[in-house]
Every structure is written in C-alpha cells, then in structure tokens.
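These are the residues of each chain, in order.
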Amino acid sequence: MAQSHPNTDTLPTGSLQIEGLHISYGDKPVVKNVDFTAEPGLFHTIIGPNGSGKSTLLKAVTGEIAFTGTVSLNGQDIKTMKPEVLAGRRGVLPQHTVLAFPLTVAEVVNLGILKRTSVGTTLARRNRILEALEMVDLDGFEARSYQALSGGEQQRVQLARVLCQVWEPTSEDGHPRWLFLDEPVSSLDIKHQMQIMEIAANYAKRGGGVLAIMHDLNLTASFADTVLVLQQGSLKALGNVNEVYQDTILTDAYDYPVQVRHIEGRSQPVVLA
Ligand SMILES: Nc1ncnc2c1ncn2[C@@H]1O[C@H](COP(=O)(O)OP(=O)(O)OP(=O)(O)O)[C@@H](O)[C@H]1O
Ligand SMILES: [Mg+2]
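Here we summarise the structure given alongside this text. Keep in mind it's a predicted model, so treat the numbers as computed, not measured. (Residues numbered from 1 in each chain as written. Chains lettered and ligands numbered in written order. Predicted model: local features only at pLDDT ≥ 70, side-chain atom pairs only at ≥ 80, totals over all residues. Heavy atoms only, no water.)

### Topic: the overall build of the protein
Helix and strand content of the protein: nine helices and 12 strands. Each of the three principal axes of the protein carries a C-alpha extent, and together these read 55 × 40 × 40 Å. Considering the protein as a whole, with its 273 residues, one finds that 51% of them fall into the buried category. Carbon and sulfur atoms make up 50% of the accessible area of the protein, which amounts to about 12,800 Å² in all. (Helix = DSSP H or I, 4+ residues; strand = E, 2+ residues; numbered from the N terminus. Buried < 20%, exposed > 50% of the residue type's maximum accessible area, 1.4 Å probe, protein only. Areas by Shrake-Rupley, 256 points an atom, 1.4 Å probe, with all protein chains shown as cover.)

Laid out in structure tokens, this is it:
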C-alpha cells in the first residue's frame, strides 16, 4: 500500500485535515476510519469504484452529512464553523444537481455569489457572472434557460456557480479557499474536460485547494498531485500518481485487470484496461 502522511506539526494553517472519518447510512458503514491531510496549492484527487464511498466522504468534508471523526479546514473543526464562514471558504460541485425552479443560466451562476462578498454592485456581479461563464466556455449563454441546456453545458454552468462563490483562491483574511468537486468532468467532451481540469489546476497553483473525485484514470494522472484510492469505504492507497498507479493497487481496487504503462517522453503513466 502506498501511503504518505505528512507530518501534521509542519502543516500550513490552510490544510484540510480528516481524522478517523466514519460515516454510516443507517447501520451500514460506508466510509471507514479514513485519515487524510491535504494542503492548499495542490490538486488532490479521490478515485475508486462505484459505491466505494467517494461522494459520501466528500459530503462529510463539505459539511452536508453527519459523521464521526474530525474534519478541519484552516485548523478549525468544520462542525464549529458558522455556515456563512464555511461558505466563504469552500465551493462545492455536487455529483448531481436538481433545480426545483426554472432559472436562467445567469440566475444559476448568481446563486454562487454570496451576499457578504465584495461583489457589491449589480454591475460587478454581472461582470463576474459573465467572466465565470467565459471561463467555462459558455459566453452568450447567460439568458438561456438552464433546463434547456445539454448535460455537459449544465455541468459547466454549475462549475461557473462554484467559481463565483470562491472566486479568489485566498480569502480577505488570508485563508486558502477550497474547490470540492465531485466528478467535475463526467459529462464533458475532451476539450471541455481539459479546460475544466486546467481551471482547477490553475486555482491550486494560485494558492487555493482542490479536491476532486475522478473516474478517468488517465486524466487524473495528468493533473493530480495526490491520489487517494477508496475501496469499500476504506483508504486503500494514498500518494502521488507514480506511488499509487501500480498494476496491483488499481487492479485490486477496481476488481478488474488494469495495466500501468510508462511511455518515453511522457512524465505520467498511462492506464490500459
Ligand atoms: N442516501 C443514502 N442512503 C443510503 N445509502 C446510500 C446513500 N447514498 C449512498 N448510499 C450508499 O453508500 C455507498 C457509497 O455511495 P457513494 O455515493 O458515496 O459512492 P461513490 O463512490 O460516490 O460512487 P459513484 O462512483 O457511483 O458515484 C453505496 O453503496 C450507496 O448505495
Ligand atoms: Mg459518487
């Protein structure tokens, strides 16, 4: 098993720390005793088979569901953080989003702009919405009905909403902000997959934190600084791409024969199935 647990004494205050995380639905344990520390400035990923507990883990980290153990952001237990403070520190892209009301694209993106942010004027809000839409390659979509978009377009609108929420990777009081993304590119074509991954990678490069759940192992290899493998709710492996991408680890995790190949001139391994 590849493991890399940084020394917690030397962590910057912006870290995400998960300790002894345990989550059950009724009497069924779904996430079991997971420890994980993630530093801002890096692109962290979680992989693992369907039903292994990835989304459940992320929902605990974002404060959406009950859990035992500790999740702290910037050194503060999220259970003690006021919702508006938490909302200013992290944006969440869920795996599925259902909108109960008919909204335009601009109205959906506007949901991400928090009341207390510095985006005070109507014009400033409008400009941020348009800029976020441009980032996700949806210029000119602002007046369209969200319901009438394709699945991939809707996914990019949701990302624009999240970006509007945590626009600057560092808050006014100096705390890193986090992007928590549950399968952010699952509905996207190859160009938009690359664009969205680049946006997330750039957010991390600018000092923010990124934690993304992924299924595409080759795309993950191209962008991830760390990879956590979840298997039946337990942490199976944790490390950088080369530490985790080994035939035995991935074959065992996915219960399917997977081959990891290293190609000359390419720094990241390629996964064949
Ligand atoms: N609300 C719920 N109530 C009961 N069981 C649930 C609930 N949500 C998820 N589960 C179960 O918990 C387990 C983990 O689900 P989770 O959604 O975390 O998996 P996942 O790793 O995100 O999978 P996928 O790759 O398919 O998105 C699954 O067995 C699932 O059936
Ligand atoms: Mg999921």
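Back to the write-up after that little detour.
### Considerations on the coordination of the magnesium ion (ligand 2)
Protein ligation of the magnesium ion (ligand 2) involves Ser-55 (OG) and Gln-95 (OE1), the donor distances falling in the range 2.0 to 2.1 Å. Separated by 40 residues along the polypeptide, Ser-55 in helix 1 (residues 54–61) and Gln-95 in the loop between strand 6 (90–93) and helix 3 (105–110) bring together distant segments of the chain. Since its relative accessible area comes to 18%, Ser-55 is described here as buried. When its relative accessible area of 33% is taken as the criterion, Gln-95 is described as partly exposed. (Donors = N, O, S within 2.8 Å, 3.2 Å for Na, K, Ca; no water.)

### So, helix 1
Two residues of an α-helix separated by three or four positions point the same way, owing to the 3.6 residues in each turn. Burial analysis of helix 1 places seven of its eight residues in the buried class, the great majority of the element. Of all the residues in helix 1, the buried ones are Lys-54, Ser-55, Thr-56, Leu-57, Leu-58, Ala-60 and Val-61. Downstream of helix 1 by one or two residues, Gly-63 has phi in the positive range, about 85°.

### With respect to the pairing of strand 6
Alternating positions in strand 6 separate into two faces, Arg-90 and Val-92 on one and Gly-91 and Leu-93 on the other, with burial throughout. The pairing of strand 6 with strand 7 (residues 178–182) spans four bridges and is classified as parallel. The residue of strand 7 that forms the bridge with Val-92 is Phe-180. (Pairing = 2+ DSSP bridges.)

### Digging into the site of ligand 1
Residues in close proximity to ligand 1 total 14 residues, the closest being Gly-51, Lys-54, Ser-55, Thr-56 and His-215. Note that an oxygen atom of ligand 1 is positioned 2.8 Å from one of the backbone N or O atoms of Gly-51. At 2.9 Å, a side-chain N or O of Gln-95 approaches an oxygen atom of ligand 1. In isolation ligand 1 exposes 640 Å². Once the protein is present, 62% of that is buried. Counting only elements with at least two residues in the shell around ligand 1, the list comes to strand 2 (28–38) and helix 1. The biggest single contributor to the shell around ligand 1 is helix 1, with three residues. When grouped by side-chain class, the residues that make up the shell around ligand 1 number three nonpolar, eight polar and three charged. (Near = heavy atom within 4 Å. Polar contact = N/O pair within 3.5 Å; in protein donor to acceptor, adjacent residues only side chain to side chain. Nonpolar A, V, L, I, M, F, W, Y, C, P; charged D, E, K, R; others polar.)

### Section: the packing of helix 4 (residues 122–135) against helix 5 (residues 151–165)
Where helix 4 contacts helix 5, the axes come no closer than 9 Å and their chain directions differ by 130°. Considering the angle they form, helix 4 stands oblique to helix 5. Regarding helix 4 and helix 5, the two cross each other, and that crossing is right-handed. Residues Arg-128, Ile-129, Ala-132, Leu-133 and Met-135 of helix 4 touch helix 5, and the partners they reach there are Ala-160, Leu-163 and Cys-164. For the contact of helix 4 with helix 5, the class distribution of residues is seven nonpolar, no polar and one charged. (Axes fitted to C-alpha atoms, helices over the stretch in contact; angles between N-to-C directions. Parallel < 35°, antiparallel > 145°, perpendicular 65-115°, else oblique. Left-handed = near helix turned anticlockwise from the far one by under 90°. Contact = heavy atoms within 4.5 Å.)

### Thoughts on the sheet that holds strand 5 (residues 76–77)
Ordered by their spatial adjacency, four strands build an open sheet running 2-1-4-5, and the pairing between neighbours is antiparallel. Across the chains shown, the open sheet's two edge strands, defined by having one partner strand only, are strand 2 and strand 5. On the sheet, helix 1 packs against strand 1 (16–25), strand 2 and strand 4 (68–73) and is oriented at approximately 120° with respect to strand 1.

### A look at the sheet that holds strand 10 (residues 234–239)
In space, the six strands of this open sheet follow the order 6-7-8-3-9-10, with mixed pairing throughout. Of all the strands in the sheet, the pair left with one neighbour each is strand 6 and strand 10. For this sheet the average axis-to-axis angle between neighbouring strands, irrespective of direction, equals 15°. Of the strand pairs in this sheet, strand 3 (residues 43–47) and strand 8 (residues 209–213) are connected by four bridges, and their pairing is parallel. Among the inter-strand pairings, Ile-46 is bridged to a residue of strand 8, identified as Ile-213. Lying over the sheet, helix 1 contacts strand 3, strand 7, strand 8 and strand 9 (226–231), oriented at roughly 150° with respect to strand 7.

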